[in-house]
Amino acid sequence: MSVLARILENNRSFAATGARTKVPEIPFIPNEQLYVITCIDPRVDPAVTLGVDLGDAIVARNVGGRVTAAVLQDLAWISYLHETRTPDAEWFELLVIHHTDCGSGLLADPGLRHDFAQRGFDEQQLAAMPVLDPAETVRADVAKLVAAPQISRQIALTGFSYDLKTGLLSEVVLPAH
Ligand SMILES: [Zn+2]
């Protein structure tokens with residue numbers, strides 16, 4: 001069976017269960033009031049590593065799990081909806097998770113970065129992407145969220161480093177916020 005055929009079969013099996021009905025409606029509050037920013041690496045899928053089920057959390061993923069302009073815009077939008085549509089609900093917890101052995105680290109190689117940038121990307125921006133020390137980059141990215149004027153001060157921010165070898169999260173000490 002091809003991968004696509006198997007995926008479609010999985011989807012039909014899923015649709016036959018009641019799981020799809022256990023999700024909140026718009027304007028929604030995720031079941032676990034959680035917002036996770038993490039890497040696209042399939043080895044760190046929060047559905048498995050954190051047990052995040054359907055409807056539980058907003059999960060934003062990009063290379064490295066970095067706080068980029070696009071990530072900030074989405075978070076500001078969700079914050080705005082929260083303030084204006086569900087003002088009485090509790091605020092969500094925001095987790096930023098970077099991990100060891102991250103593929104974004106390859107961008108620390110100037111030659112590789114330069115060659116890739118020739119495909120129409122900004123070399124300086126690429127230079128800011130590598131996660132070499134997850135604790136360090138998580139601290140920097142949470143600081144960026146703390147400093148962003150569009151992000152509500154009421155969101156509880158926590159930064160974690162995820163170790164691929166042990167499968168465990170370690171909380172990173174963050175700047176005061
Ligand atoms: Zn990664």
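Residues numbered from 1 in each chain as written. Predicted model: local features only at pLDDT ≥ 70, side-chain atom pairs only at ≥ 80, totals over all residues. Heavy atoms only, no water.

Visitor: Can you explain the pairing of strand E2 (residues 57-62)? Please cite residues and give values.
Guide: The two faces of E2 differ: Ile58, Ala60 and Asn62 on one face are buried, but Ala57, Val59 and Arg61 on the other face are not. Inspection of the sheet shows strand E1 (residues 34-39) paired to E2 by six bridges, in the parallel sense. Looking at the pairing, isoleucine 37 lines up with alanine 60 of E2. (Buried < 20%, exposed > 50% of the residue type's maximum accessible area, 1.4 Å probe, protein only. Helix = DSSP H or I, 4+ residues; strand = E, 2+ residues; numbered from the N terminus. Pairing = 2+ DSSP bridges.)

Visitor: An account of the nonpolar core is needed here, citing residue identities and associated values.
Guide: Of all hydrophobic cores here, the largest spans 23 residues; its most connected members are Tyr35, Ile37, Leu75, Leu94, Leu145 and Ile155. Counting residues per element, the ones that place at least two in this core are E1, E2, helix H3 (69-85), strand E3 (93-99) and helix H6 (134-147). Counting eleven residues, the second-largest nonpolar core is a separate cluster that includes Val36, Leu95, Ile97 and Tyr162. (Core = buried A, V, L, I, M, F, W, Y, C linked by side-chain atoms within 4.5 Å.)

Visitor: I'd love a proper account of the side chain of asparagine 62, names of residues and values included.
Guide: Secondary-structure assignment places asparagine 62 in strand E2. In this structure asparagine 62 comes out as buried when scored by relative accessible area, which is 16%. In contact with asparagine 62, other than residues within four places in its own chain, are Thr38, Cys39, Ile40, Thr68 and Val71. (Contact = heavy atoms within 4.5 Å.)

Visitor: Break down the side chain of arginine 113 for me, citing the residues and quoting the values.
Guide: One can find arginine 113 in helix H4 (residues 110-117). Here arginine 113 is buried and forms no salt bridge, its nearest opposite-charge partner glutamate 123 lying at an N-O distance of 4.8 Å. Filtering out sequence-adjacent residues up to four positions away, arginine 113 remains in contact with Leu107, Ala108, Glu123, Leu126 and Ala127. (Lys, Arg positive; Asp, Glu negative; His and termini not counted. Salt bridge = Lys/Arg side-chain N within 4 Å of Asp/Glu carboxyl O.)

Visitor: Could you give an account of a negative patch on the surface, naming the residues involved and the relevant values?
Guide: Residues Asp109, Asp115, Asp122 and Glu123 make up a contiguous surface patch of negative charge. Tracing the chain through its elements places aspartate 115 in helix H4. (Patch = residues over 30% accessible without salt bridge, like charges linked within 9 Å, V, L, I, M, F, W, Y side chains within 5 Å. Areas by Shrake-Rupley, 256 points an atom, 1.4 Å probe, with all protein chains shown as cover. Charge placed at Lys NZ, Arg CZ, Asp CG, Glu CD.)

Visitor: I'd like a description of the packing of aromatic side chains, backed by residues and values.
Guide: Scanning the entire structure with this criterion turns up four aromatic pairs. Consider the rings of tryptophan 77 and tyrosine 80, whose centres lie 6.4 Å apart with planes at 20°: the pair is stacked. With tryptophan 77 and tyrosine 80 both in helix H3 and three residues apart, the pair spans about one turn of that helix. Given the relative accessible area of 48%, tyrosine 80 is considered partly exposed. On the numbers, 5.7 Å between centres and 55° between planes, the contact of tryptophan 91 with phenylalanine 92 is tilted. Given the relative accessible area of 16%, tryptophan 91 is considered buried. Taken together, the aromatic side chains of Tyr35, Trp91 and Phe92 make up a single cluster linked through ring pairs. (Phe/Tyr/Trp six-rings, centres within 6.5 Å; stacked < 30°, edge-to-face > 60°.)

Visitor: How would you sum up the environment of aspartate 45? Please name residues and give values.
Guide: Summarising the element assignment, aspartate 45 is placed in the loop between E1 and helix H2 (46-49). For aspartate 45 and valine 59, which are 14 residues apart along the polypeptide, the C-alpha to C-alpha distance reads 9.8 Å.

Visitor: Any chance you could break down unusual backbone geometry for me, citing the residues and the numbers?
Guide: Backbone geometry places glutamine 33, a non-glycine residue, at a positive phi of 50°. Looking at the element boundaries, glutamine 33 is found in the loop between helix H1 (3-15) and E1. On the basis of relative accessible area, glutamine 33 is assigned to the buried category, the value being 13%. Of note, the phi angle at aspartate 101 is positive, near 55°, even though the residue is not glycine. Secondary-structure assignment places aspartate 101 in the loop between E3 and H4. Given a relative accessible area of 57%, aspartate 101 falls into the exposed group.

Coordinates in, geometry out; function isn't part of it.
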